[in-house]
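# Structural features, examined
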Amino acid sequence: MSATYSLLVSVALISLTLTGTYGADIINGKQAKKNSLQYMASVQVDGKHKCGGFLIDPSYVLTAAHCDQRGNMTVILGAHNINPDRKNLRRYTVQNKHKHPHFKNVKTGSDIMLLKLSQKLKTSKDVKIVKIPGKGKQVKPNSKCLVAGWGQTERNDEVNDLLFTEVSTIRLTDCQMLWRKLNMTLPDNVLCAWRVKTKSGVGKGDSGGPLVCRGIAAGVVSFKNGPEKAPSIYTDIVKYKQWIENVINGGA
Ligand SMILES: *[C@@H]1O[C@H](CO)[C@@H](O)[C@H](O)[C@H]1NC(C)=O
Ligand SMILES: *[C@@H]1O[C@H](CO)[C@@H](O)[C@H](O)[C@H]1NC(C)=O
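Right, let's walk through the structure included here. Position numbers for residues count from 1 along each chain, tracking the sequence in the order it is written. Just so you know, chain letters begin at A and ligand numbers begin at 1, following the order they were written in. Whole-chain, interface and lining totals are the exception, using all residues; otherwise, since this is a predicted model, local features are given only for residues with pLDDT of at least 70 and side-chain atom pairs are given and counted only at 80 or more. Side-chain measures were taken over the full set of non-hydrogen atoms in the model, leaving aside hydrogen atoms and water.

## Examining the overall build of the protein
The condition is simple: Strands here mean DSSP runs of E at least two residues long; helices mean DSSP runs of H or I at least four residues long; both are numbered from the N terminus. Relative accessibility under 20% of the residue-type maximum defines a buried residue, over 50% an exposed one, and the middle range a partly exposed one, all with a 1.4 Å probe and only protein chains included. Throughout, a contact is declared for two residues whenever any of their heavy atoms are within 4.5 Å. A 1.4 Å probe and the Shrake-Rupley method give the accessible areas. Residues count as covered only by the protein chains that appear here.
When helices and strands are tallied, the protein shows three helices and 13 strands. By the burial criterion, 51% of the 252 residues in the protein qualify as buried. Nonlocal contacts in the protein, meaning residues at least 24 apart in sequence, comprise 73% of its contacts between residues at least 6 apart. Summed over all atoms, the accessible surface of the protein reaches about 12,500 Å², with 52% contributed by carbon and sulfur.

What follows is the structure, encoded as C-alpha cells:
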C-alpha cells in the first residue's frame with residue numbers, strides 16, 4: 001500500500017518536473033544577430049508559435065515529435081522576429097508530418113519529427129539549410145554548442161525575438177547518473193548539455209529547436225528538469241540519420 005503510494009508520488013513528481021520543462025523560456029539568452037541562424041523555423045499551430053525547428057533540406061524542417069498537435073501546422077522561415085502583426089512573415093504550409101514511428105512520449109525517446117513543406121524552398125541570405133552530422137560523427141563531451149529558440153509560450157505572447165544561449169555537452173554516463181538521482185531513466189539515443197552561464201537555458205517554446213555544435217545541428221531540444229538539477233536532453237540526430245535519409249529520399 002505505502003509502496004504503491006510512494007511510487008505514485010514519485011511518478012507524479014517526475015511528471016511535474018517534466019512539465020516544468022515546458023514551462024520556462026530561453027533564460028537570459030542573447031538576441032540573435034541579423035543574418036545568423038537562418039535555418040531556424042518557428043513551428044506553429046493555428047498561427048501560434050508552438051516549437052522551434054530547423055531547415056535541413058529545401059523541403060524538410062526537423063523538429064521534436066512531442067511538438068505534434070492537432071490543428072493547422074505551418075512553419076515560419078526567414079524571420080528572427082515572429083510577431084504575428086508583422087507584414088511579410090513567410091509562412092509555409094506543412095504537407096506531411098513524419099513522426100518517428102517509435103515515439104510515444106519524451107520519456108521513451110525517439111523525440112524527432114520531419115515536416116515536409118508544401119513547396120521546395122530556395123535558400124537566400126535569410127533562409128539557409130543547416131548540416132546534420134555525417135554517419136558515425138558523434139559529438140564529444142565538453143563541446144561548446146548553442147541552442148536557439150523563441151522561448152515563447154501561450155502565456156508570454158510578447159516574446160517575439162529569436163534568442164540563443166551557449167551550452168556544453170556532458171558525458172552520457174554522468175548525465176544518466178544525474179537523472180537517476182531524480183528517479184528518471186533516460187531514453188536511448190540522447191545527448192545531454194548544461195547551460196554554460198548560470199541562469200540560462202531552454203524551455204517550452206524552445207522544444208524542437210537545434211543543438212548546434214561547430215555549425216552542425218547535432219541535437220533536437222526534447223526536455224529538461226524544471227529546477228535544472230540535471231542537464232537538458234536532446235535527441236541525438238546522428239542516431240536517426242538513416243531514418244531521416246529514408247524519409248527525405250522517399251519524398252513523401
Ligand atoms: C492553414 O494555414 C495556411 C496559412 O495560413 C492556409 O493557407 C491554409 O489554407 C490553412 N489550411 C487549412 C486546412 O485550414
Ligand atoms: C527517488 O526515489 C527515492 C526512493 O523511492 C526517494 O527516496 C527519493 O525522494 C526520490 N527522489 C526524487 C527526486 O523524487
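Right, picking up where we left off after that structure.
## What to know about the environment of Asp68
Inclusion rule: In the analysis that follows, any N or O atom pair within 3.5 Å is treated as a polar contact, provided that within protein one partner can donate a hydrogen and the other can accept it, and provided that, for residues neighboring in sequence, both atoms belong to side chains.
Checked against the element boundaries, Asp68 lands in the loop between strand S4 (60-63) and strand S5 (73-77). For Asp68, the residues in contact, after removing those within four places along its chain, are Met73, Lys97, Lys99 and Met113. A distance of 2.8 Å separates a polar atom in the side chain of Asp68 from a polar atom in the side chain of Lys97. At 3.0 Å, the side chain of Asp68 and the side chain of Lys99 are in polar contact.

## So, the packing of aromatic side chains
Note the following rule: Only Phe, Tyr and Trp rings are paired, with Trp represented by its six-membered ring, and only when their centres lie within 6.5 Å; those with planes under 30 degrees apart are stacked, over 60 edge-to-face, the remainder tilted.
Evaluation of the coordinates by the stated rule reveals one aromatic pair. Where Trp179 meets Phe223, the ring centres are 5.4 Å apart and the plane angle is 80°; that geometry is what we call edge-to-face. Of this pair, Trp179 sits in helix H2 (residues 172-180) while Phe223 is found in strand S12 (residues 216-223), placing the two residues 44 residues apart along the sequence. Relative accessible area serves as the criterion here: at 2%, Trp179 is assigned to the buried category. Judged by its relative accessible area of 2%, Phe223 is buried.

## Notes on the site of ligand 1
Our working definition: Only a single heavy atom is needed: when it lies within 4 Å of a molecule or strand, its residue is near that molecule or strand. All amino acids are sorted into three groups, where Ala, Val, Leu, Ile, Met, Phe, Trp, Tyr, Cys and Pro are nonpolar, Asp, Glu, Lys and Arg are charged, and the leftover types, Gly among them, are polar.
Taken together, Asn72, Thr74, Arg91 and Thr93 form the complete shell of residues around ligand 1. Contact with the protein chains covers 30% of the free accessible surface of ligand 1, which is 360 Å². Partitioned by chemical class, the residues of the shell around ligand 1 number no nonpolar, three polar and one charged.

## Section: the state of the cysteines
Let me state the cut-off plainly: The disulfide definition used here is simple: a pair of cysteine sulfur atoms within 2.5 Å.
According to the stated counting rule, one finds three disulfides in the structure shown. Residue Cys145 pairs covalently with Cys213 via a disulfide, S to S 2.2 Å. Judged by the sign of its S-S torsion, about 100°, the bond between Cys145 and Cys213 is right-handed. With a gap of 68 residues between them, Cys145 in strand S8 (residues 144-149) and Cys213 in strand S11 (residues 210-213) connect regions that are remote in the sequence. Here Cys175 connects covalently by a disulfide to Cys192, the sulfurs 2.1 Å from one another. Residues Cys175 and Cys192 share a disulfide whose torsion about the S-S bond is about -85°; that sign makes it left-handed. On the criterion of sequence distance, the pair formed by Cys175 in helix H2 and Cys192 in strand S10 (residues 190-195) is long-range, its members being 17 residues apart.

## With respect to the sheet that holds strand S6 (residues 90-99)
Which entries qualify depends on this criterion: Two strands pair under a simple rule: DSSP has to find at least two bridges between them. To get an axis, fit a line to the C-alpha atoms, keeping to the stretch in contact for a helix; angles then go from 0 to 180 degrees between the N-to-C directions.
Pairing is antiparallel around the closed barrel formed by six strands, whose spatial order is S2-S3-S4-S7-S6-S5. Here the strands of the sheet are splayed against their neighbours by 40° on average, with no regard to which way each runs. Looking at chain direction, S6 and strand S7 (residues 113-117) are connected through five bridges and run antiparallel. Its bridge partner lying in S7, Val94 is registered against Leu117. Running at roughly 20° to S7, helix H3 (residues 241-250) makes contact with strand S3 (48-57), S4, S6 and S7 of the sheet.

## Looking at the side chain of Lys241
Filter applied, for reference: In this count, Lys and Arg are taken as positive residues and Asp and Glu as negative ones, while His and the chain termini are left out. What makes a salt bridge here is a side-chain nitrogen of Lys or Arg within 4 Å of a carboxyl oxygen of Asp or Glu, nothing more.
Mapped onto the elements, Lys241 comes out in helix H3. For the buried Lys241, no salt bridge is present, and the opposite-charge side chain at shortest range is Glu245, 4.0 Å distant. Beyond its immediate stretch of four places on either side in the chain, Lys241 contacts Ile132, Pro133, Gly134 and Lys135.

## Here's the deal with the pairing of S7
Counted residue by residue, S7 has five buried out of five residues, so it is predominantly covered. Burial along S7 is two-sided: Met113, Leu115 and Leu117 and Leu114 and Lys116, pointing in opposite directions, are all buried. As paired elements, S4 and S7 share four bridges and run antiparallel to each other. Looking at the pairing, Thr63 lines up with Met113 of S7.

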